[in-house]
Amino acid sequence: MPSIPVHALAHRQLTPEAVAELLALPDATGLREDDDAIDAELARRGWTSEGVDLDGYLRTGLGHLHCCDSPYAPFGDPGGRHFLVFGEVYPVDPDDEEMDNGSWLFETMDSWELQPGWTSLRPATVADCEAVLAEAARAVTEQLGAEPERILVSDASVVTGPAMTHRIWRTATHALIVGPHADNGPYGYLTHLQLSCTPLGQGPELPPAQDEKALEEWIITHVDW
């Protein structure tokens, strides 16, 4: 893996506890459509929107950033998709001199680096990002008791920046993917390092490991908005 430069990397360690909490969210159906109960449960867990600059995101009690596409956010929708961000990357684009000056998004990165419990590197490398992804993958493996079914180095779900490793697991109902993904913010340039939990109904069968194009399409189907 080339250690090309990255302007900045901010991250907070993903733990098996955080993985377990994410996996349990779709099953919390007793909270659906009860705003008061949802607010009380968020407070009990220590989830908050305070200090979070991204629309639709909450900071969990374990310090990661969560968003989902469920109307019952974040509880009780087995058909909803959940995304838990444990890292943010400001990539260098070696083919774009304007983007490569390494200054205009540092203020945005500040908000990630100042999240409680987050650490940062300026500059960083792709190898640093891969180390964060590998650590997160170990947390998922520990919680599920299984190694990933597929591992693919790709930039399929990233607007710009280097290819990084996606790792895929499946439960009986959901796909779990650790990997990079475009942050879909106002500039579309930064990259999340995230764990996604999405219903397998969008594509339950995994393509063979050697079919990288089909695997990329499978990943995009499950993680893209």
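What counts, and where the lines are drawn
- Residues numbered from 1 in each chain as written.
- Predicted model: local features only at pLDDT ≥ 70, side-chain atom pairs only at ≥ 80, totals over all residues.
- Heavy atoms only, no water.
- Helix = DSSP H or I, 4+ residues; strand = E, 2+ residues; numbered from the N terminus.
- Rg over C-alpha atoms; globule rule 2.2 N^0.38 Å.
- Buried < 20%, exposed > 50% of the residue type's maximum accessible area, 1.4 Å probe, protein only.
- Contact = heavy atoms within 4.5 Å.
- Areas by Shrake-Rupley, 256 points an atom, 1.4 Å probe, with all protein chains shown as cover.
- 1 Å grid on protein atoms, 1.4 Å probe; cavity = no way out; pocket = protein on both sides within 12 Å on 5 of 7 lines; lining within 4 Å.
- Points joined across faces, edges and corners; volume = space filled by probe spheres on them.
- Nonpolar A, V, L, I, M, F, W, Y, C, P; charged D, E, K, R; others polar.
- Core = buried A, V, L, I, M, F, W, Y, C linked by side-chain atoms within 4.5 Å.
- Disulfide = S-S within 2.5 Å.
- Patch = residues over 30% accessible without salt bridge, like charges linked within 9 Å, V, L, I, M, F, W, Y side chains within 5 Å.
- Salt bridge = Lys/Arg side-chain N within 4 Å of Asp/Glu carboxyl O.
- Lys, Arg positive; Asp, Glu negative; His and termini not counted.
- Charge placed at Lys NZ, Arg CZ, Asp CG, Glu CD.
- Pairing = 2+ DSSP bridges.
- Phe/Tyr/Trp six-rings, centres within 6.5 Å; stacked < 30°, edge-to-face > 60°.

*Asks:* Tell me about the overall build of the protein, and name the residues and values.
*Replies:* The helix and strand tally for the protein stands at five helices and ten strands. Rg of the C-alpha trace for the protein: 17 Å, near the compact-globule value of 17 Å for 225 residues, within the 12% margin. Based on the C-alpha atoms only, the size of the protein along its principal axes is roughly 50 × 40 × 30 Å. Counting all 225 residues of the protein, 52% fall into the buried class. Look at the contacts in the protein between residues 6 or more apart in sequence, and 66% of them connect residues 24 or more apart. Summed over all atoms, the accessible surface of the protein reaches about 10100 Å², with 48% contributed by carbon and sulfur.

*Asks:* How would you sum up the environment of Leu144? Please name residues and give values.
*Replies:* Looking at where Leu144 falls in the secondary structure, it is placed in helix α4 (residues 126-144). With residues up to four places along the chain from it excluded, the contact list for Leu144 reads Leu23, Trp169, Thr171 and Leu176.

*Asks:* Hey, could you go over the layout of surface pockets for me, with residue numbers and the actual values?
*Replies:* By volume, the largest pocket amounts to about 230 Å³. Among the residues forming the lining of the largest pocket, the class breakdown is nine nonpolar, five polar and three charged.

*Asks:* Tell me about the nonpolar core, and name the residues and values.
*Replies:* Core analysis: the largest hydrophobic core is formed by 32 residues, its most contacted members being Leu14, Phe86, Val140, Val178, Leu193 and Leu195. Mapped by element, the contributors of at least two residues to this core are β1 (5-11), α1 (16-24), α2 (35-45), β4 (82-91), α4, β8 (164-170), β9 (174-182) and β10 (191-199). Those residues within four positions of Leu195 in sequence are excluded, and the remaining contacts are Leu14, Val19, Leu22, His82, Phe83, Leu84, Phe86, Val140, Leu176, Ile177 and Val178. Ranked by size, the runner-up nonpolar core spans 25 residues in total, among them Val52, Val85, Met109 and Tyr189.

*Asks:* Before we move on, can you summarise the state of the cysteines with the specific residues and values?
*Replies:* For the structure shown, the criterion picks out zero disulfides. Note on Cys67: no disulfide assigned, nearest cysteine sulfur contributed by Cys68 at a separation of 7.0 Å. Free cysteine Cys129: the closest other cysteine sulfur is in Cys67, separated by 19 Å. Of the residues examined, Cys129 reaches a relative accessible area of 0% and is grouped as buried.

*Asks:* Which residues make up a negative patch on the surface, and what are the values?
*Replies:* A grouping of Asp34, Asp35, Asp36 and Asp39 is seen on the molecular surface, where their side chains present a negatively charged patch. Relative to the helices and strands, Asp35 is located in helix α2. For Asp35, a relative accessible area of 56% corresponds to the exposed category.

*Asks:* Lay out the pairing of strand β3 (residues 65-68) with the relevant residues and their values.
*Replies:* On β3, burial covers both faces: Leu65 and Cys67 on one face and His66 and Cys68 on the other are all buried. Of the strand pairs in this sheet, strand β2 (residues 58-59) and β3 are connected by two bridges, and their pairing is antiparallel. Its bridge partner being in β3, Leu58 is matched across the sheet by His66. Where β2 hands over to β3, the hairpin turn is made up of five residues, of which Gly63 adopts a positive phi near 95°. Bridge count for β3 against β4 is four bridges, and the pairing is antiparallel. Looking at the pairing, His66 lines up with Leu84 of β4.

*Asks:* Before we move on, could you go through the packing of aromatic side chains and cite the residues and values that matter?
*Replies:* Summed over all chains, the structure comprises five aromatic pairs. Measuring from ring centre to ring centre gives 6.4 Å for Trp47 and Phe75, while their planes differ by 40°; the resulting arrangement is tilted. You can see Trp47 sitting in the loop between α2 and β2 and its partner Phe75 sitting in the loop between β3 and β4, a full 28 residues away along the chain. This pair shows no difference in class: Trp47 is buried, exactly as Phe75 is. Taking 5.5 Å as the distance between ring centres and 50° as the angle between the ring planes, the aromatic pair formed by Trp112 and Trp118 counts as tilted.

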